[in-house]
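Here's the letter readout for the chains.
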Amino acid sequence: MEKLYDVTAMGELLIDFTMNGQSEQGNNMFEACPGGAPCNVLAMLNKLGRKTAFVGKVGQDQFGRLLKETIADSGIETRGLVMDEDIRTTLAFVHTFPDGDREFSFYRNPGADMMLSEDEVDYDLIRQSKVFHFGTLSMTDEPAKTATKKALEAAREAGCLITFDPNLREPLWKSLDDAKEAMEYGFGYCDMLKISDNEIQFISGKEDYDEGIRYLQEKYHIPVIFLTMGKDGSRAYYKDIRVERAGFSVKAIETTGAGDTFCGCAINGLLKYGLEGLTEETLGELLTYANAGAALITLKKGAIRSMPEPAQIEEMIQK
């Protein structure tokens, strides 16, 4: 099948309510920011000139319509987005701490994103893409869990490059064993893994990141792994190459979407060089670019509408 898209992503699309000051009465005020990791990644890829599409589900409600409009405005193909007449769009409230870190409260019992069934998935969109990207949040509940597994099979059969960001959100799992199982399922399929420092410790049981990554490489033979370490920067592991690049120092307002921005930049690098074209030099360049993108998004609230422009990323690297 002809590859009409660079990247198709599947998963959750939701509203992140982020704290935005207090009212005169002293009540917390929240801003409704369109979000959900897979579309955040696509929004960054669109900024980098890539053609993208999304597969997922929102409610046929005000928030669902806002989300559809938002991703269409970002240039993401929406024909794989299903609107559910009965189940509402998932909401997440992000409580931000003084250091910019955050905690989530989810309203998703059930939320529309969990209700995408295997017969609602647009498999042709996936087959028409060079890359298929996914996370674990579409595997917390049925029917979306089976739909995700079917989509992965279709992607593998179509020869897509498969990229995976587990994006562990502990409150959404019935048990952490279920979360572990979904992560392990994803490891078995992916060509590229983007994993955070706390996730590698969670899944490998090892304090040392390098040891944790080695465990994954030996068990799952994932061709390329990107490890993000927040403000400490990131590392890439490919064959026997290990590359590390420092993060950029910024005064973060909110870290939502930083990992997704990094992930979008990393996928763009993979599309640019191909798995075979990765060297110590190209990986270093890719990490620096992705670190700069991730730092820039922490200066704004929300994710989909806040993705940095390539010119801003270049400028930050030059500085």
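First, a word on what this report is: a plain description of the structure on this page. (Residues numbered from 1 in each chain as written. Predicted model: local features only at pLDDT ≥ 70, side-chain atom pairs only at ≥ 80, totals over all residues. Heavy atoms only, no water.)

### Quick look at the packing of helix H8 (residues 258-273) against helix H9 (residues 280-297)
Selection rule: Lines fitted to the C-alpha atoms define the axes, with helices restricted to the stretch that makes contact. Angles between their N-to-C directions range from 0 to 180 degrees. Only DSSP runs of H or I reaching four residues or more are called helices, and only runs of E reaching two or more are called strands; each is numbered from the N terminus. If an angle is under 35 degrees, it is roughly parallel; if it is over 145, roughly antiparallel; if it lies from 65 to 115, roughly perpendicular; otherwise it is oblique. Left-handed describes a crossing whose near helix is turned anticlockwise from the far helix by less than a right angle; the clockwise case is right-handed. Any pair of residues with heavy atoms lying within 4.5 Å of one another is described as a contacting pair. By the convention adopted, Pro, Cys, Tyr, Trp, Phe, Met, Ile, Leu, Val and Ala count as nonpolar, Lys, Arg, Asp and Glu as charged, and the other residues, Gly among them, as polar.
Relative orientation of the contacting elements H8 and H9 amounts to 150 degrees, with a least axis distance of 8 Å. Comparing their axes, H9 and H8 come out roughly antiparallel. When the axes of H8 and H9 are compared, the crossing they make is right-handed. Mapping the contact onto sequence places Ala258, Thr261, Phe262, Cys265, Ala266, Gly269, Leu270, Lys272 and Tyr273 in H8 and Thr282, Glu285, Leu286, Leu287, Tyr289, Ala290, Asn291, Gly293, Ala294 and Ile297 in H9. Residues belonging to the contact of H8 with H9 are distributed by class as follows: twelve nonpolar, five polar and two charged.

### What to know about helix H4 (residues 144-157)
Operational definition: Here a helix's expected span is defined as the number of its residues, less one, multiplied by 1.5 Å. Buried means the residue's accessible area, taken with a 1.4 Å probe over protein chains only, is under 20% of the maximum for its type, while exposed means over 50%, and partly exposed covers the values in between. This arc corresponds to the set of directions leading from the helix axis out to the C-beta atoms.
Over its 14 residues, H4 extends 20 Å from the first C-alpha to the last, a length consistent with the 20 Å expected when each residue adds 1.5 Å. Those residues of H4 lying buried are Ala144, Ala147, Thr148, Ala151, Leu152, Ala154 and Ala155. Seen along its axis, H4 keeps its buried residues to an arc of 165 degrees; they face one direction. Where H4 is buried, its residues meet strand S1 (5-10), helix H3 (123-127), strand S8 (129-134), strand S9 (161-164) and helix H5 (176-187).

### Things to note about the sheet that holds strand S11 (residues 224-228)
Here is the rule we go by: For two strands to be treated as a pair, DSSP must find no fewer than two bridges joining them.
A sheet is described by the order of its strands in space; here nine strands give the open sequence S5-S4-S1-S8-S9-S10-S11-S12-S13, paired in mixed fashion. Where the open sheet ends on each side, the last strands, each with one partner, are strand S5 (77-84) and strand S13 (241-245). Sheet twist, expressed as the average angle between the axes of neighbouring strands with direction ignored, equals 15 degrees. Alignment of S1 against strand S4 (residues 52-59), held across four bridges, turns out to be parallel. Bridging from a neighbouring strand, Thr8 pairs with Ala53 of S4. Packed onto the sheet, helix H2 (residues 62-73) meets S4 and S5 and runs at close to 175 degrees relative to S5. Across the sheet, helix H6 (residues 197-204) touches strand S10 (192-196) and S11, and the angle it forms with S10 is around 100 degrees.

### Topic: the pairing of S9
Under the convention used in this document: If the strands point away from the viewer and the path from the first strand over the helix to the second runs clockwise, then the crossover is right-handed.
Side-chain alternation along S9 places Leu161 and Thr163 on one buried face and Ile162 and Phe164 on a second face that is also buried. When S8 meets S9, the two strands line up parallel, connected through four bridges. The partner of Phe134 across the bridge, within S9, is Phe164. Tracing the backbone out of S8, into H4 and back to the parallel element S9 gives a crossover that is right-handed. Relative to S10, S9 runs parallel, the two sharing two bridges. Across the sheet, Phe164 pairs through a bridge with Leu193, a residue of S10.

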